[in-house]
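Working through the structure, step by step
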Amino acid sequence: MTKPFLTYQQQIQKLIEEKHLIINDTLSAEDKLRDIGYFALIGGYKDPFRNPMTRTYLPNTMFEDIYSLYQFDNQLRELFFRYLCQIEKKMRSLISYAFCEQHGQKQNEYLSKMNYNYSKKYQKGIDKLIQILNQLAYTNSDYEYLKHQRRIYHNVPLWVLVNAMTFGQLSKMYTFYHQRQEARSVAISNM
């Protein structure tokens with residue numbers, strides 16, 4: 001059985017009558033439901049305020065309580081996102097710098113299996129990563145700066161390419177490259 005469509009007024013009525021939520025300002029609540037959506041607001045933030053057995057709200061729970069939790073979560077997410085973006089930029093810079101310092105700026109270097117820990121454990125992951133990097137370097141047309149590098153210089157250096165990589169791809173590249181560096185260090189120290 002699917003849930004029926006409810007107008008904003010019906011959603012508010014359901015919250016008041018069936019769920020026993022206190023709503024002092026129905027116009028404001030309706031605006032918030034219109035802006036955020038019932039599922040995102042009520043569905044996402046109701047749990048701390050509900051009795052799990054009766055599925056109704058705890059006594060004296062107000063719509064504003066749920067909205068305040070939503071606002072707090074939103075502000076916290078924005079704060080984390082701002083700093084995560086800064087960390088991500090720093091990681092892109094450090095990884096591309098370390099790789100290029102060791103292997104140079106030519107794209108065939110980051111596309112070479114030999115510059116990663118191509119042990120049996122990582123082969124499949126490295127092959128997939130190189131396929132993705134190859135696609136970004138040679139065929140991706142989503143980013144003007146990649147097309148410019150291909151057209152003018154016939155090379156997309158890693159410090160340019162990292163800006164088109166997802167964080168997951170960047171993380172994999174770091175892991176496979178770092179594992180190679182560690183393996184080399186161990187081999188040198190055993191000599």
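Higher on the page you've got the structure.
First things first, this report covers the structure right here in the doc. (Residues numbered from 1 in each chain as written. Predicted model: local features only at pLDDT ≥ 70, side-chain atom pairs only at ≥ 80, totals over all residues. Heavy atoms only, no water.)

A few points about the overall build of the chain
When helices and strands are tallied, the chain shows 9 helices and 2 strands. The C-alpha atoms of the chain give a radius of gyration of 26 Å, which is well past the 16 Å a tight globule of 191 residues would have. Viewed in the frame of its principal axes, the chain has a C-alpha envelope of about 75 × 45 × 35 Å. Each of the 191 residues in the chain was classed as buried or not, and the buried ones make up 31%. Of the contacts made within the chain by residues no fewer than 6 positions apart, 56% connect residues no fewer than 24 positions apart. Total accessible area on the chain is roughly 13,000 Å²; 55% of this is exposed by carbon and sulfur atoms. (Helix = DSSP H or I, 4+ residues; strand = E, 2+ residues; numbered from the N terminus. Rg over C-alpha atoms; globule rule 2.2 N^0.38 Å. Buried < 20%, exposed > 50% of the residue type's maximum accessible area, 1.4 Å probe, protein only. Contact = heavy atoms within 4.5 Å. Areas by Shrake-Rupley, 256 points an atom, 1.4 Å probe, with all protein chains shown as cover.)

What about helix 1 (residues 8-17)?
Buried residues of helix 1: Gln 11, Ile 12 and Leu 15, and no others. Along helix 1, the residues classed as buried sweep out an arc of 95° about the axis, all on the same side. Its buried side turned inward, helix 1 meets helix 2 (26-36), helix 3 (38-45), strand 2 (56-57) and helix 4 (63-103). (Arc of directions from axis to C-beta.)

Considering the nonpolar core
Core analysis: the largest hydrophobic core is formed by 25 residues, its most contacted members being Tyr 110, Tyr 116, Leu 133, Leu 158, Leu 161, Met 165 and Met 173. Mapped by element, the contributors of at least two residues to this core are helix 4, helix 6 (123-138), helix 8 (158-161) and helix 9 (167-189). If you tally residues by element for this core, the top one is helix 6, at 6 residues. Ile 12, Ala 29, Tyr 45 and Tyr 70 belong to the second-largest nonpolar core, a separate cluster that totals 15 residues. (Core = buried A, V, L, I, M, F, W, Y, C linked by side-chain atoms within 4.5 Å.)

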